[in-house]
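The chain contents come next:
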Amino acid sequence: MKNRIFSLIILTQFGIQVYAQSNFLLNFSFEDELHFGISPVEWTTCEKKSTPDVQPGHVGVTLAASHGDTYLGLVMRGSKHPKPKSESVQAELLKMLEKDKTYKFEIDLAAPGAYEERCGRKIIEYKDIPKLKILGVRNDCSQTDLLYETQLVENKDWLTYSFEVTPQSDYNYIKLENSFDDKKASYIICDNFHITELTSNEKKTQEIDLFITNVLTPNNDGKNDFFVIENLPKYSELAIFNKNHHLIYENNNYKNNWGGTDKNGKILTSGTYFYKLNIPNSDKNYSGFVVIKKK
Ligand SMILES: [Ca+2]
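The structure reproduced in this document is the subject of the present report. (Residues numbered from 1 in each chain as written. Predicted model: local features only at pLDDT ≥ 70, side-chain atom pairs only at ≥ 80, totals over all residues.)

The helix and strand inventory of the chain stands at zero helices and 20 strands. Relative to its 295 residues, the chain shows a buried fraction of 36%. In the chain, of all internal contacts separated by at least 6 residues, the share reaching a separation of at least 24 is 67%. (Helix = DSSP H or I, 4+ residues; strand = E, 2+ residues; numbered from the N terminus. Buried ≥ 20, exposed ≤ 12 C-beta atoms within 10 Å, placed from the backbone. Contact = placed C-beta atoms within 7 Å.)

It is worth spelling out the sheet that holds strand β19 (residues 271-278) at this point. Across the sheet, which stays open at both edges, the five strands sit in the order β15-β20-β19-β17-β18 with mixed pairing between neighbours. Among the strands making up the open sheet, the edge pair consists of β15 (215-216) and β18 (247-251). Strand direction decides the pairing type here: β15 and strand β20 (residues 285-292), joined by two bridges, are parallel. Bridge pairing in β20 places Val-215 opposite Val-291. (Pairing = 2+ DSSP bridges.)

Across the 13 residues that make up strand β13 (residues 186-198), a large majority, 10, are buried. Judged from the five bridges that link them, strand β4 (residues 71-76) and β13 form a sheet pairing that is antiparallel. When the sheet's bridge partners are listed, Met-76 is paired in β13 with Ser-186. Examined bridge by bridge, strand β6 (residues 102-110) and β13 share eight bridges and lie antiparallel to one another. Directly across from Tyr-103, in β13, lies its bridge partner Glu-197.

For the peptide bond that leads from Gln-55 to Pro-56, omega is 10°, which places it in the cis range. Mapped onto the elements of the fold, Pro-56 is located in the loop between β3 (53-55) and β4. Not every positive phi belongs to a glycine, and Asn-192 is a case in point at roughly 60°. Position of Asn-192 among the secondary structure elements: in strand β13. On the basis of neighbour counts, which here come to 24 C-beta atoms within 10 Å, the residue Asn-192 falls in the buried class. The phi dihedral of His-245 is positive, around 70°, even though this residue is not glycine.

A few words now on the nonpolar core. Ranked by internal contacts, the top residues of the largest apolar core, which has 57 residues, are Leu-25, Leu-72, Leu-109, Leu-132, Ile-188, Ile-189 and Cys-190. Among the elements that make up this core, the one with the highest residue count is β13 (six residues). Three or more residues apiece are contributed to this core by two domains, here domain 1 (34-198) and domain 2 (211-292). Residues within four places of Leu-25 in sequence aside, it is in contact with Ala-91, Leu-93, Leu-94, Phe-193 and Ile-195. (Core = buried A, V, L, I, M, F, W, Y, C linked by C-beta atoms within 7 Å. Domains from an automatic or database assignment.)

It is worth spelling out the sheet that holds strand β5 (residues 88-97) at this point. Spatial strand order, β5-β12-β9-β10: four strands in an open sheet with antiparallel pairing. At either margin of the open sheet sits one strand with a lone partner, and together these are β5 and β10 (144-149). Recorded for the sheet is a direction-independent mean angle of 30° between the axes of neighbouring strands. The sheet contact formed by strand β9 (residues 133-137) and strand β12 (residues 171-177) spans five bridges and is antiparallel. Paired with Val-137 across the bridge in β12 is Tyr-173. (Axes fitted to C-alpha atoms, helices over the stretch in contact; angles between N-to-C directions.)

Another aspect to go through is the pairing of β18. The pairing of strand β17 (residues 237-241) with β18 spans four bridges and is antiparallel. In the sheet register, Ala-239 faces β18, and the bridge partner there is Glu-250.

Here we come to the environment of Ser-142. Inspection of the secondary structure puts Ser-142 in the loop between β9 and β10. A count of 8 C-beta atoms within 10 Å places Ser-142 in the exposed class. When the C-alpha positions of Ser-142 and Cys-46 are compared, they lie 8.8 Å apart, and in sequence the two are 96 residues distant.

Printed below as a string of structure tokens:
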């Protein structure tokens, strides 16, 4: 687990994480149910026949998540595979990346070196060293510009890669791709992707240390029954969405009283939901996920 300016992580006596986030991406942590060959919710792939993975737990990849429970895995199949192919995902940004502004990107990356795949009689091991390409997407998958290519990712355990990007165009979508070298067979895992706008302006808005529960167990036992945001200013606006982008709940003056229910007051099914939070007099977007567990 890593501490950040806008990410405060505490383990309570119940082992539940609480934290606050500011980000351009709703599912910056690649959270979802564990899937092999399906992109995490909010992320889509342009490739039709090769889709990314929600890890850990598939094909020998066992590293625990850097943030939350799950993360993204992208393969580059390499020249030994009959159909060399790189995997990629893209997501819509909550806020556009603007031309000539400067942004700080931070993403946790690793190359676990454990992924292997049976291809006919051959077993292909994805042990070459990858790089991650980050691209701005203008309109669709075919119109992309390289924003940054990381250095070689040789670490098998998580390492935070941090760099500055100044886009030459406006972008509403961002894409992550394992496409460093199509002769090589590699696998890269990604978690905890943050984008922060850097300003030359000296006056920074005052930081607010928000602590946000990310697990709800709505059973009226007095523990984690409500979505609680500590240090929440008055007139903060909260919206909760399900995985299909449907608005589940909204409140323009949230008072820590949402108990994991839908508009009819019925407790939602167990699973991952997403929140957006606007704080008065703040230019930051807060977003993240909350897991409802029925006990
Ligand atoms: Ca994660």
